Amino acid sequence: MPKDTGRQVVASNRKARHDYVIDDVFEAGIVLSGTEVKALRQGRASLVDGFVLVDRGEAWLENVYVPEYSQGTWTNHAPRRKRKLLLHRSEIDRLEAKTREKGQTIIPLQLYFLDGRAKVEIALARGKKEYDKRQALRERQDSMEAQRAMRHRELA
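Quick caveat: nothing in here was measured; it's all calculated off a predicted structure. (Residues numbered from 1 in each chain as written. Predicted model: local features only at pLDDT ≥ 70, side-chain atom pairs only at ≥ 80, totals over all residues. Heavy atoms only, no water.)

1. Brief notes about the overall build of the protein
Defined as follows: Note on conventions: DSSP H or I runs of at least 4 residues are helices, E runs of at least 2 residues are strands, and numbering of each starts at the N terminus. Here the globule rule is a power law, 2.2 Å times the number of residues to the power 0.38, and the radius of gyration is based on C-alpha atoms. The buried label applies to any residue whose accessible area, calculated with a 1.4 Å probe on protein chains only, is under 20% of its type's maximum; exposed applies above 50%, and partly exposed to all values in between. Note on definitions: a residue-residue contact is assigned when non-hydrogen atoms from the two residues lie within 4.5 Å.
Broken down by element type, the protein carries 4 helices and 7 strands. Going from N to C terminus, the protein has its helices and strands arranged as β-α-β-α-β-β-β-α-β-β-α. On C-alpha atoms alone, the protein measures out to a radius of gyration of 19 Å, which is more than a quarter above the 15 Å that the 2.2 N^0.38 rule sets for 156 residues. Out of the 156 residues belonging to the protein, those deemed buried represent 31%. Within the protein, residue pairs in contact and separated by at least 24 positions form 68% of the contacts whose partners lie at least 6 positions apart.

Here is the structure:
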């Protein structure tokens, strides 16, 4: 039985669902060096500015911040280096075809360990306009107020 079981989230991009309309979600493995794994196990990473590029049939995670490992030596990694994603050929081809369409991009949603292996959840997304963001926020506030009123009504 493996020592680390289950899903342990390291970092999540909480603003992604606010800024983008998520069309499709994929799970990808990620190629990391030893010090990157140790830094991630300490629970430190940021996906805020991250994105995925498909270049020559390979998917690359760029601009994701994994800080240097504090006990690392000269073998430490660069914090914002390109990291290769491990996906099936059909998934890479599909992502590449979809990103050629206007307004489509690939963003990371979550970085986590699944049964001891580093994984990243990426999404095919379209950017929202400012008025769409305001409308979604208004709808969420309205539903929260309705739930609050229902709860208050049940108590009375």
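2. Description of the environment of Glu36
As a reminder of what qualifies: Here a polar contact is taken to be a pair of N or O atoms separated by no more than 3.5 Å, where protein atoms must pair a possible hydrogen donor with a possible acceptor and residues adjacent in sequence count only if both atoms sit in side chains.
With respect to the helices and strands, Glu36 occurs in helix H2 (residues 34-41). At 2.8 Å, the side chain of Glu36 and the side chain of Arg81 are in polar contact.

3. Description of the packing of aromatic side chains
To keep things clear, this is the line we draw: Between rings of Phe, Tyr and Trp, where Trp is taken as its six-membered ring, a pair exists when centres lie within 6.5 Å; planes separated by under 30 degrees are stacked, by over 60 edge-to-face, and by other angles tilted. Only when the NZ of Lys or the CZ of Arg is both within 6 Å of the ring centre and within 35 degrees of the ring normal is a charge said to sit over the ring.
Within this structure, the stated rule accounts for 0 aromatic pairs. The ring of Phe113 is capped by Arg41, whose NZ or CZ atom sits 4.2 Å from the centre of that ring. Across the ring face of Trp60, the terminal group of Lys82 is positioned such that the distance to the ring centre comes to 4.7 Å.

4. Here's the deal with unusual backbone geometry
Phi is positive for Arg56, which is not a glycine, with a value near 55°. Mapping Arg56 onto the fold places it in the loop between strand E3 (51-55) and strand E4 (58-62). Positioned with a positive phi, Asn63 is a non-glycine residue whose angle comes to about 65°. Looking at the element boundaries, Asn63 is found in the loop between E4 and strand E5 (83-86).

5. Considering the side chain of Glu36
What makes Glu36 buried here is its relative accessible area of 0%. At a separation of 2.8 Å, a polar atom in the side chain of Glu36 contacts the side chain of Arg83.

6. Some thoughts on the nonpolar core
This is how it is decided: Definition of nonpolar core: a set of buried residues of the types Ala, Val, Leu, Ile, Met, Phe, Trp, Tyr and Cys, connected through side-chain atoms within 4.5 Å.
With 27 residues, the main nonpolar core has Leu85 and Ile122 as its most contacted residues. If you tally residues by element for this core, the top one is strand E7 (residues 117-127), at 4 residues. Residue contacts for Leu85: discarding those within four places in its chain leaves Ala28, Gly29, Ile30, Val52, Ala59, Leu61, Val120 and Ile122. Residues Ala16, Ile107, Leu109 and Ala125 belong to the second largest nonpolar core, which totals 5 residues.

7. Observations regarding the environment of Asp49
Among the secondary structure elements, Asp49 is positioned in the loop between H2 and E3. Asp49 sits 41 residues away from Ser90 along the chain, and the two C-alpha atoms are 26 Å apart. Residues within four places of Asp49 in sequence aside, it is in contact with Glu62, Asn63 and Arg80.

8. What to know about the environment of Gly43
Inspection of the secondary structure assignment puts Gly43 in the loop between H2 and E3. Relative accessible area serves as the criterion here: at 42%, Gly43 is assigned to the partly exposed category. Along the chain, Gly43 and Ala11 lie 32 residues apart, while their C-alpha atoms are 7.4 Å from each other.

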